[in-house]
Amino acid sequence: TASTPVAPGTPTAVGTAVSPGTAQASATGYPRQEKRATGAVSSETPGLAEMTFPGLLAGEKVVQAVKSCALQVQSPFCEVPGRICITPFRLKFMTPKGGLRKDLQWMRGAKYFDVPFGLVETIKDEKLVTVTGATELRVTITCKDLRCLVFILRSEQDSRLLVDSVESFGTPGNPAMLFAFKFADALRKDGQEEHDSGWDLYDPEQDYARMGIDTQLIPNPQCPWRVSDLNKEYKLCSSYPASIVLPRRMPDQALRDVAAFRKRGRLPAMSWCGGPELSFASLWRCSQTTEGLSGLIGTKCVEDQSMLNAIRLGNGSSDRDLLCIDLRPKVSAWVNKAGGGGFESYPQCRMIWGGIDNIHVVRDAWRAMGSAVARLVDTQVGSWMKDVASSGWYDYIGAILSCTLKVVTEILNFKANVVIHCSDGWDRTAQVSSLAMLCMDPHYRTQVGFLKLIQKEWCSFGHRFRTRLAIGDAPTSEYSPVIIQWLECVFQLLQQFPDAFEFSTSILVRLAEEVFTNRYGTFFFDNERERRSVEAHTVSLWSVLLQPEEFDHWRNPGYKAQRVHLYPSVCQANYVIWEAYWFRFHVRGESLAESCSWPSSESPKSQAMTDVPEAPAQSPTAPPEPAQVSPESEELEREPGEPMSLFSPAELTAPKPEPTQLFADDDEDIFAKPNKTGGG
């Protein structure tokens, strides 16, 4: 795996990083993490119990600390001295007062030094020999948000501590050991959380009734679709929600046969209906068929063909073929067919190919965009336009928006039904279905409606968050930021229709972070059935975002409530770079920080904590010397009620020399290795 180039002013990874730990399947199906012989970080070090820093969350406290280290920065090449505080939630690098160069102050504002364990993708510890013959201990942490931090340490014990901390708190192999459980428990003990309404935000019965579908809440016998309880115990399809909408004319046994014919049991289920106004025209999602090459000689599933015909005829469009969009490239679909998959080559089904590439291409394009950002220097001409184009990222965005436009046009202009699928129906299918629903239904363009949309089309319909984002486990070949790609698609819609959405782009950046942090249970596991087990023990992100102080922050002040349909432009000339995401850990992002900043979400307890005094700057050419004060003597020097400082009194009163850098700004760093493009 090639190392990913990093932005000017950011630490550079050295060598090839490896995923933390080795996953091993447990009896519960959740990978168990193999630990090093050094042992996991299971308890706090004596003397650290009262250490603190501003912004601690409920249930969070410092349990370990590397008191002497340096952060290596690539451009300008220098080493920033400081300390690393370790909590069950994050690694936090703290710099002494005056220890951070003026031209690197943006890193503090961007929270570059604050790394939740859920955001760690790989960690590598290594012992190197410098050009002078000295031994250097180095730990490289690569993050899922394109950050890369390189720490220079003084001892192998500190190196093992960092690696063990990531394995223990980031990839424990047991979801109950992630910070979200400790966070929720602490809130309950503090009386800050009563009933978490976020888990009940999306009510499928209400949402389907709103669309005019026949439900027990509001019966509508004129509707050709019905809410079925066939999957109430997740036996029809384990990755589908308990409540699904199916054609009224299809008997239950035939539906079971269709589920057996579709990959992983993901039979066609309705995502959206236009109600009587659109003659109940609707959007359906599913996985590919499984006839394989035998389908070429006429072997089909009669029930599957009957179901698609029932969908075609459901709203009275008997004179129009059913539009079936296979979102994959045509070549990929045929390759899948040779391997036992398939697609709908049925009479009165109009098949078209979406041309959206798979998760591996998405991951490579995302890394390539990160490399393009890394090579961008404001004072140089560079190759930004070429690098962005070469990444292919916006080509794939265009393919998704193009499929979305086809769905919207067919349903709204012709009042006809549409069926979409990819291979499994939980990645590309979720992207297109949810974007189409944003375009067709103003309800999902409200703040509350947007959260319901994510809960419905992504969480309930089985997008594999745990697998795709490596939540609580080391990344595998299935790791891919599909949800990030979708969030950028939503960003493009907001740029094209700025007054049609009640929410602003700041919520997209917030979501891009929170899907990884392990702070909330909303994105745990791969489907609704698995996630049910954690709802009572974790906090829903939706309940936090709907609090008044947060709700107002991500509201679009230019929003105009109106019932309009959106037809997105697919022309790349109308696309806008999502700078608030791509540049948030780049010096260019400093100018965007104010517009995308989020109000503090720390607990009242942490807000009352005093700032941690900072130590004087030391030479950046070597890590600072550790404080020679024992925890016991430090305890005697503090006043009653005063929080323990991470720095000793001697450090606070020492002279403060101006920080220096190893190379002048206009000198060439002869030791720096050339950047490599990160192809994934």
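Computed from a predicted model, the values in this text were never measured in an experiment. (Residues numbered from 1 in each chain as written. Predicted model: local features only at pLDDT ≥ 70, side-chain atom pairs only at ≥ 80, totals over all residues. Heavy atoms only, no water.)

A. Broad picture of the sheet that holds strand β15 (residues 349–353). Pairing within the open sheet is mixed, and its five strands lie in the order β12-β13-β16-β14-β15. Each end of this open sheet is capped by a strand with a single partner; those strands are β12 (269–273) and β15. Sheet twist, expressed as the average angle between the axes of neighbouring strands with direction ignored, equals 25°. Bridging between β12 and strand β13 (residues 282–286) involves four bridges; their strand directions are antiparallel. Its bridge partner being in β13, Ala-269 is matched across the sheet by Arg-285. (Pairing = 2+ DSSP bridges. Helix = DSSP H or I, 4+ residues; strand = E, 2+ residues; numbered from the N terminus. Axes fitted to C-alpha atoms, helices over the stretch in contact; angles between N-to-C directions.)

B. Representation of the nonpolar core in the model. Counting residues in each nonpolar core, the largest one holds 142 residues, and the members touching the most others are Leu-438, Phe-450, Trp-486, Leu-511, Phe-523 and Trp-578. If you tally residues by element for this core, the top one is helix α10 (residues 393–414), at 11 residues. Setting aside residues no more than four positions away along its own chain, Trp-578 makes contact with Tyr-394, Ile-484, Leu-487, Glu-488, Phe-491, Leu-508, Val-509 and Ala-512. One finds Val-73, Leu-91, Tyr-112 and Val-166 within the second-largest nonpolar core, a separate group that totals 34 residues. (Core = buried A, V, L, I, M, F, W, Y, C linked by side-chain atoms within 4.5 Å. Buried < 20%, exposed > 50% of the residue type's maximum accessible area, 1.4 Å probe, protein only. Contact = heavy atoms within 4.5 Å.)

C. Focus on the pairing of strand β9 (residues 148–153). Of all six residues in β9, six are buried, a share of seventy percent or more. Taking every second residue as pointing to the same face, both faces of β9 are buried, with Cys-148, Val-150 and Ile-152 on one and Leu-149, Phe-151 and Leu-153 on the other. Here strand β3 (residues 64–73) runs beside β9; their pairing, made up of four bridges, is antiparallel. Residue Ala-70 lies in a different strand from β9, and its bridge partner there is Ile-152. Two strands pair when backbone bridges link them, and strand β8 (residues 135–143) and β9 are joined in this way by six bridges, in the antiparallel orientation. Paired with Ile-141 across the two strands is Leu-149, which belongs to β9. Between β8 and the antiparallel strand that follows it, β9, lie four residues; Leu-146 among them carries a positive phi value of about 80°.

D. How the structure looks around the environment of Lys-67. Tracing the backbone through its elements, the reader meets Lys-67 in strand β3. The class of Lys-67 is partly exposed, set by a relative accessible area of 30%. Those residues within four positions of Lys-67 in sequence are excluded, and the remaining contacts are Met-51, Gly-82 and Arg-83.

E. Quick peek at the pairing of β13. Burial analysis of β13 places five of its five residues in the buried class, the great majority of the element. Neither face of β13 is open: one carries Ser-282, Trp-284 and Cys-286, the other Leu-283 and Arg-285, and all of them are buried. Inspection of the sheet shows β13 paired to strand β16 (residues 418–421) by four bridges, in the parallel sense. Bridge pairing links Trp-284 to Val-419 in β16.

F. A look at the pattern of salt bridges. In this structure the tally under the stated criterion is 37 salt bridges. Note that Arg-264 and Asp-424 form a salt bridge whose closest N and O atoms lie 2.8 Å from each other. With a gap of 160 residues between them, Arg-264 in the loop between α5 (252–261) and β12 and Asp-424 in the loop between β16 and α11 (428–440) connect regions that are remote in the sequence. According to the relative accessible area criterion, Asp-424 is buried, its value standing at 14%. Connected through salt bridges with shared partners, the residues Glu-60, Arg-90, Lys-92 and Asp-114 form a single ionic network. (Salt bridge = Lys/Arg side-chain N within 4 Å of Asp/Glu carboxyl O.)

G. Examining unusual backbone geometry more closely. Positive phi values are uncommon outside glycine, yet Leu-146 reaches one of about 80°. Here Leu-146 lies in the loop between β8 and β9. Take Leu-146: its relative accessible area is 23%, and that puts it in the partly exposed class. Not every positive phi belongs to a glycine, and Phe-280 is a case in point at roughly 60°. Here Phe-280 lies in the loop between β12 and β13. Of the residues examined, Phe-280 reaches a relative accessible area of 10% and is grouped as buried.

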